[in-house]
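# Remarks on the overall topology
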Amino acid sequence: MILGMTLFTAVHVLLSLIGILSGLVVLYGLCTANPMNAWTLLFLVSTLATSVTGFFFPFHGFTPAIGLGIVSTVILAIAISARYRSHLAGAWRWVFVVSAVAALYLNSFVLVVQAFLKIPALHALAPTGSESAFKLTQGVALVFYLGTGFLAVKGFRAVSNSRQLS
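Residues numbered from 1 in each chain as written. Predicted model: local features only at pLDDT ≥ 70, side-chain atom pairs only at ≥ 80, totals over all residues. Heavy atoms only, no water.

### Structural notes on the overall build of the protein
Broken down by element type, the protein carries 6 helices and 0 strands. Listed N to C, the secondary structure of the protein is α-α-α-α-α-α in terms of helices and strands. Here the C-alpha atoms of the protein give a radius of gyration of 17 Å, agreeing with the 15 Å that 2.2 N^0.38 yields for 166 residues. Viewed in the frame of its principal axes, the protein has a C-alpha envelope of about 50 × 30 × 30 Å. (Helix = DSSP H or I, 4+ residues; strand = E, 2+ residues; numbered from the N terminus. Rg over C-alpha atoms; globule rule 2.2 N^0.38 Å.)

### Re helix α6 (residues 132-156)
With 25 residues, α6 extends 35 Å between its outermost C-alpha atoms, agreeing within 8% with the 36 Å of an ideal straight helix rising 1.5 Å per residue. Listing the buried residues of α6 in full gives Phe 134, Gln 138, Ala 141, Tyr 145, Thr 148, Gly 149, Ala 152, Gly 155 and Phe 156. On its buried face, α6 is in contact with α1 (7-31) and α4 (92-118). (Expected span 1.5 Å × (residues − 1). Buried < 20%, exposed > 50% of the residue type's maximum accessible area, 1.4 Å probe, protein only. Contact = heavy atoms within 4.5 Å.)

### What to know about the nonpolar core
By size, the foremost hydrophobic cluster in this structure holds 23 residues, and its most contacted members are Leu 30, Phe 43, Phe 96 and Val 97. For this core, the elements supplying multiple residues, two or more each, are α1, α2 (37-54), α3 (64-85), α4 and α6. The biggest single contributor to this core is α4, with 9 residues. Setting aside residues up to four positions removed in sequence, Val 97 forms contacts with Leu 30, Gly 149, Ala 152, Val 153 and Phe 156. (Core = buried A, V, L, I, M, F, W, Y, C linked by side-chain atoms within 4.5 Å.)

### Side note on the packing of aromatic side chains
Applying the stated criterion across every chain yields a total of 5 aromatic pairs. Note on Tyr 105 and Tyr 145: the rings are 5.9 Å apart at their centroids and 65° apart in plane angle, and the pair reads as edge-to-face. One end of the pair, Tyr 105, is in helix α4; the other, Tyr 145, is in helix α6, with 40 residues separating them in the sequence. Comparing Tyr 105 with Tyr 145, the two get one shared label, buried. Ring centres of Phe 144 and Tyr 145 lie 4.9 Å apart, and the angle between their planes is 80°; this geometry places the pair in the edge-to-face category. (Phe/Tyr/Trp six-rings, centres within 6.5 Å; stacked < 30°, edge-to-face > 60°.)

### Here we look at the environment of Val 101
Counting through the fold element by element, Val 101 comes out in helix α4. For Val 101, a relative accessible area of 9% puts it in the buried group. As for Val 101 and Thr 40, which are separated by 61 residues in sequence, their C-alpha atoms are 11 Å apart.

### Concerning the packing of α1 against α2
Where α1 meets α2, the closest approach of the two axes is 8 Å, and the angle between their N-to-C directions is 145°. Both α1 and α2 take part in a crossing whose hand is left-handed. Together, Phe 8, His 12, Leu 15, Ser 16, Ile 18, Gly 19, Ser 22, Gly 23, Val 25 and Val 26 of α1 and Trp 39, Thr 40, Leu 42, Phe 43, Ser 46, Thr 47, Ala 49, Thr 50, Thr 53 and Gly 54 of α2 make up the contact between the two elements. When its residues are assigned to classes, the contact of α1 with α2 shows 9 nonpolar, 11 polar and no charged. (Axes fitted to C-alpha atoms, helices over the stretch in contact; angles between N-to-C directions. Left-handed = near helix turned anticlockwise from the far one by under 90°. Nonpolar A, V, L, I, M, F, W, Y, C, P; charged D, E, K, R; others polar.)

### Examining unusual backbone geometry
Phi angles above zero are rare outside glycine, and Ala 33 is one such case at about 60°. Located in the positive-phi region is His 87, a residue other than glycine, with phi close to 55°. Relative to the helices and strands, His 87 resides in the loop between α3 and α4.

Worth remembering: the numbers are spatial, not functional.
Written out as structure tokens, the structure reads:
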């Protein structure tokens, strides 16, 4: 047990946090027309690993977490294909940006859910997840990613030819 978590859960959480932190660095790079190749690879790999490991938790039947994991995995497959198969050519540039930001948002969405479930002070504010504090936090996260996603689509379009995207 690590901080009350099994080793598997701790690895899953660590992958998720790495994905979110590296994703925020990538998001900054997208907004400033900097492809940040190594950070992008770290973000995509760790976020995909987070989604995949999520399927190995015990569950019975289809749950919202499984649905979110499926959606996230599909979005990541699109981002990976746009970035590495299509090399951001033409429309694949904005497809990559939108899918990368969407994957980052979904990972952050789960972080907020888990924070309100596991952190006693937050759980006291929203014990069922339907209270205003939870909704406001998720709303702020959504607005943040919509706004920065817009800036990223606009900014990454302007990437110069002098920067390598490989």
